[in-house]
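Given next are the chains, with one letter for each unit.
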Amino acid sequence: YPSDLEEMSQRGALPDLVKAGEDPFGLFLSELKTRKMEVFITYRMNEVENVDKKDPDLCAFWRTHPDWRVEPGAPLNNQMAQCLDYSHNEVQDRAVAQICELLEKYRPDGIELDWMRFPRHLSGDADQVWTNRGRLSDVVAAVKLKADELAGRMGRPVRVAVRIPSSMAGCHALGVDLADWTQRRLVDFVTAAPFLASDFSMPIAEMRAAMGDARVPIYGCITFGYSGKPHTEATLHA
């Protein structure tokens with residue numbers, strides 16, 4: 001989308017459309033609203049798609065700050081090691097600024113913070129990640145503050161959702177403090193999501209228990225396949 005904070009991919013027809021004054025993403029959202037749909041924007045909290053390819057379509061911020069990745073110096077074929085580390089204020093500030101820009105520019109019904117793409121956001125071992133979990137909480141809190149401020153101006157809710165691991169063990173490993181986020185009312189709903197596979201037996205009950213009295217809805221995510229196979233109608237029903 002036309003952003004004041006990020007350069008645009010030069011692949012495909014998008015750059016020419018934007019140069020001509022078009023905003024295809026904005027038009028898409030507008031048409032959804034015209035059809036009375038609830039419209040959320042989902043934002044990947046880390047993007048390392050095809051990082052090991054010859055010319056990955058990744059941003060200048062990522063390219064020019066290899067020292068701000070979770071494992072500086074790791075080989076590119078170690079995909080998760082290339083994720084940006086939210087222990088750095090600059091990484092936090094950039095994500096929050098981009099999300100706030102999206103909220104202001106498009107006025108959606110909500111924003112989803114997708115912590116599962118890609119699921120590594122803090123450096124160190126499991127104990128260090130959990131110790132630094134407040135760094136991720138700070139980002140969620142900043143987005144919620146912006147969403148509430150925008151909602152006050154527009155006179156309607158602007159929801160904040162989070163896409164997170166599908167178990168408490170997964171949340172702990174990623175630095176996602178689900179109990180804190182929900183007890184502080186930082187999120188309006190939670191999407192429990194495995195990474196690149198559907199899980200037919202997600203332990204939702206333990207996630208609900210961790211929330212205590214915070215009655216935040218939990219949705220189970222269906223991803224594009226299961227056990228290395230594409231979904232069928234029957235597996236989607238399952």
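Let us look at the structure shown here. (Residues numbered from 1 in each chain as written. Predicted model: local features only at pLDDT ≥ 70, side-chain atom pairs only at ≥ 80, totals over all residues. Heavy atoms only, no water.)

### What about unusual backbone geometry?
Quick reminder of the rule: Secondary structure elements follow DSSP: runs of H or I no shorter than four residues count as helices, runs of E no shorter than two count as strands, and numbering proceeds from the N terminus. Three exposure classes are used, based on accessible area relative to the maximum for each residue type with a 1.4 Å probe and protein chains only: buried under 20%, partly exposed in between, and exposed over 50%.
A cis amide bond links Arg117 with the next residue in sequence, Phe118, at an omega value of -5°. Following the sequence through the fold, Phe118 ends up in the loop between strand E2 (110–114) and helix H5 (126–131). Phi is positive for Lys36, which is not a glycine, with a value near 65°. Of the residues examined, Lys36 reaches a relative accessible area of 76% and is grouped as exposed. The backbone phi angle of Arg107 is positive, close to 50°, even though this residue is not glycine. Within the secondary structure, Arg107 is located in the loop between helix H4 (89–106) and E2. Assessed through its relative accessible area of 30%, Arg107 is described here as partly exposed.

### Here we look at the side chain of Gln82
The following threshold applies: What qualifies as a polar contact is a pair of N or O atoms within 3.5 Å, subject to a donor-acceptor requirement within protein and to the restriction that residues adjacent in sequence count only when both atoms come from side chains.
Mapped onto the elements, Gln82 comes out in the loop between helix H3 (60–64) and H4. From its side chain, Gln82 meets the backbone oxygen of Pro75 in a polar contact 2.9 Å long.

### Some words on the nonpolar core
The criterion, for reference: By nonpolar core is meant a set of buried Ala, Val, Leu, Ile, Met, Phe, Trp, Tyr and Cys residues that side-chain atoms within 4.5 Å join together. For this analysis, residues touch if any pair of their heavy atoms sits within 4.5 Å.
In this structure, Trp115, Ile164 and Trp181 are the most contacted members of the largest nonpolar core, which totals 60 residues. The dominant element in this core, judged by the number of residues it contributes, is H4, at eight residues. If we skip the residues at most four places from it in the chain, Ile164 touches Trp115, Met116, Cys171, Val176, Leu178, Trp181, Val190, Thr191, Ala192, Ala193 and Met207.

### Concerning a nonpolar patch on the surface
The condition is simple: Only residues above 30% relative accessible area that lack a salt bridge enter a patch, with like-charged residues linked at up to 9 Å and the nonpolar side chains Val, Leu, Ile, Met, Phe, Trp and Tyr linked at up to 5 Å. What sets the accessible areas is the Shrake-Rupley method with a 1.4 Å probe; for residues, cover comes only from the shown protein chains. Any carboxyl oxygen of Asp or Glu that lies within 4 Å of a side-chain nitrogen of Lys or Arg is treated as forming a salt bridge with it.
Residues Phe195, Leu196 and Phe224 make up a contiguous nonpolar surface patch of about 300 Å² in total accessible area. Among the structural elements, Phe195 can be located in the loop between strand E4 (189–192) and helix H9 (204–211). Overall, Phe195 belongs to the partly exposed group, its relative accessible area being 31%.

That is the geometry; function is a separate question.
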